[in-house]
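Below are the chains, spelled out letter by letter.
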Amino acid sequence: MSAPESEPSAGPVEDLPAVAPQLRALRRRASLTLEAAARAAGLSPAHLSRLETGQRQPSLPLLLALARVYGTTVSELLGESVAAPDAVVRAAAMEPTRAGGWTYWQAGAPGRGMQALRVHVPHGSQGDIVRVHPGEEWLYVLKGRLRLRLGDTAHLLAPGDSAHFDSLTPHRIAAEDHDGVDLLFVHTLLQSPTAALCLGPHTGDTS
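Residues numbered from 1 in each chain as written. Predicted model: local features only at pLDDT ≥ 70, side-chain atom pairs only at ≥ 80, totals over all residues. Heavy atoms only, no water.

**Structural notes on the environment of glutamate 176**
Rules: For helices the rule is a DSSP run of H or I covering at least 4 residues; for strands it is a run of E covering at least 2, with both sets numbered from the N terminus onward. Here, residues are in contact when the closest pair of their heavy atoms is within 4.5 Å. For the purposes of these results, a polar contact is taken to be a pair of N or O atoms within 3.5 Å, where, inside protein, one atom must be able to donate a hydrogen and its partner to accept one; residues adjacent in sequence count only when each atom of the pair is a side-chain atom.
Note that glutamate 176 resides in the loop between β8 (171-175) and β9 (181-188). Spatially, the C-alpha atom of glutamate 176 lies 5.5 Å from that of leucine 146, the residues being 30 residues apart in sequence. Those residues in contact with glutamate 176 that lie beyond four places of it in its chain are His123, Arg145, Arg147 and Leu156. At a separation of 3.2 Å, a polar atom in the side chain of glutamate 176 contacts the side chain of arginine 147.

**Observations concerning the sheet that holds strand β3 (residues 114-121)**
Stated precisely, the cut-off is as follows: Pairing between strands is defined by DSSP: at least two bridges between them are needed. Simply put, an axis is a line fit to the C-alpha atoms, just over the touching stretch for a helix, and the angle between two N-to-C directions goes from 0 to 180 degrees.
Pairing is antiparallel across the open sheet formed by 6 strands, whose spatial order is β1-β2-β3-β9-β4-β7. Of all the strands in the sheet, just β1 (97-99) and β7 (162-166) have a single pairing partner and so form its edges. Strand-to-strand twist of the sheet, defined as the mean angle between neighbouring strand axes without regard to direction, takes the value 25°. Strands β1, β2 (102-106), β3, β4 (136-143) and β9 of the sheet are contacted by helix α4 (residues 60-70), whose axis makes an angle of about 15° with β9.

**Focus on the packing of helix α1 (residues 19-29) against helix α3 (residues 45-52)**
The axes of two packed helices give the description: the angle between them and the distance between them. Here is the rule: For classification purposes, angles smaller than 35 degrees are called roughly parallel, those larger than 145 roughly antiparallel, those between 65 and 115 roughly perpendicular, and all remaining angles oblique. Ten residue types, Ala, Val, Leu, Ile, Met, Phe, Trp, Tyr, Cys and Pro, are classed as nonpolar, four, Asp, Glu, Lys and Arg, as charged, and the remainder, Gly among them, as polar.
Contact geometry for α1 and α3: axes closest at 7 Å, N-to-C directions at 125°. In this view, α1 runs oblique relative to α3, as classed from their interaxial angle. Contacts from Ala20, Pro21, Leu23, Arg24 and Arg27 of α1 reach α3 at Leu48, Leu51 and Glu52. Class assignment for the residues of the contact of α1 with α3 results in 5 nonpolar, no polar and 3 charged.

**What to know about the sheet that holds strand β6 (residues 153-157)**
If you trace the 3 strands from one edge of the open sheet to the other, you get β6-β5-β8, paired in antiparallel fashion. The open sheet is flanked by β6 and β8, the only strands paired with a single partner. Across the sheet, the axes of successive neighbouring strands diverge by a mean angle of 20°, strand direction being ignored. Of the pairings in the sheet, the one linking strand β5 (residues 146-150) to β6 comprises 5 bridges and is antiparallel in character.

**Things to note about the pattern of salt bridges**
Pairing of side chains with opposite charge becomes possible as their charged atoms draw close. Condition: By salt bridge we mean one thing: a side-chain nitrogen of Lys or Arg within 4 Å of a carboxyl oxygen of Asp or Glu. Only protein chains enter the accessibility calculation, which uses a 1.4 Å probe; a residue is then buried when its area is under 20% of its type maximum, exposed when over 50%, and partly exposed in between.
According to the stated counting rule, one finds 4 salt bridges in the structure shown. Of the charged contacts in the structure, one is a salt bridge between glutamate 137 and arginine 68, with a shortest N-O distance of 3.3 Å. One end of the pair, glutamate 137, is in strand β4; the other, arginine 68, is in helix α4, and 69 residues separate them in sequence. Each member of the pair, glutamate 137 as well as arginine 68, carries the same accessibility label: buried. Where aspartate 177 meets arginine 145, a salt bridge forms, and the shortest distance between an N and an O atom there is 2.8 Å. In this pair, aspartate 177 is assigned in the loop between β8 and β9 and arginine 145 in the loop between β4 and β5, connecting sequence segments 32 residues apart.

**Observations concerning α4**
Among the 11 residues in α4, 11 count as buried, and that is most of the element. Taken together, the buried positions of α4 are occupied by Leu60, Pro61, Leu62, Leu63, Leu64, Ala65, Leu66, Ala67, Arg68, Val69 and Tyr70. A positive backbone phi angle near 65° is found at glycine 71, which sits one or two residues after α4.

**Some thoughts on the pairing of β5**
Where a strand is regular, its side chains alternate between the two sheet faces. In this structure, the hairpin formed by β5 and β6 is closed by a connection of 2 residues, where glycine 151 is found at a positive phi of approximately 65°. The pairing of β5 with β8 spans 5 bridges and is classified as antiparallel. Paired with arginine 149 across the two strands is arginine 172, which belongs to β8.

Here's what the structure looks like:
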């Protein structure tokens, strides 16, 4: 889910020390300029530059957006070792990661065309950020209630409810209850370098 430039800093950079060097390396691997990558993720080049130099820490929605743009996973953005794809993910292997107040657990194997996550969204976190990006999203409410806005329509989802939508529809999510909401979340990943063609022109400069 891509996030605009106005997103607040999520906390101290040392919480995610591997993010900054990984962001620049993965952008260059995707043959994207700073300007093209920032535009695709809904950021300004200055904001993305601050993320790449460790001056700002990305939230989970921003990590998801950048993962789509670079055709990779949040795990790789965080510098985590990526094992060969496996059909089964054991509960004991799902280590929690926190970003921007959100907590998520990888619920699927890396290196696939989709990324599956189990996510906890705290109350009041990221609820004012509207996201628009290529791809599809599917979510399923496990616990709590989710406020989902798709375009001009607001939906209140209870446990057992799900939503499947085109990510080009402006959307935002927020936890309705003070205890937050737990979700299963699946989104499609864009594959580089095709992503650069779909998301806007780029020059040969990969600085």
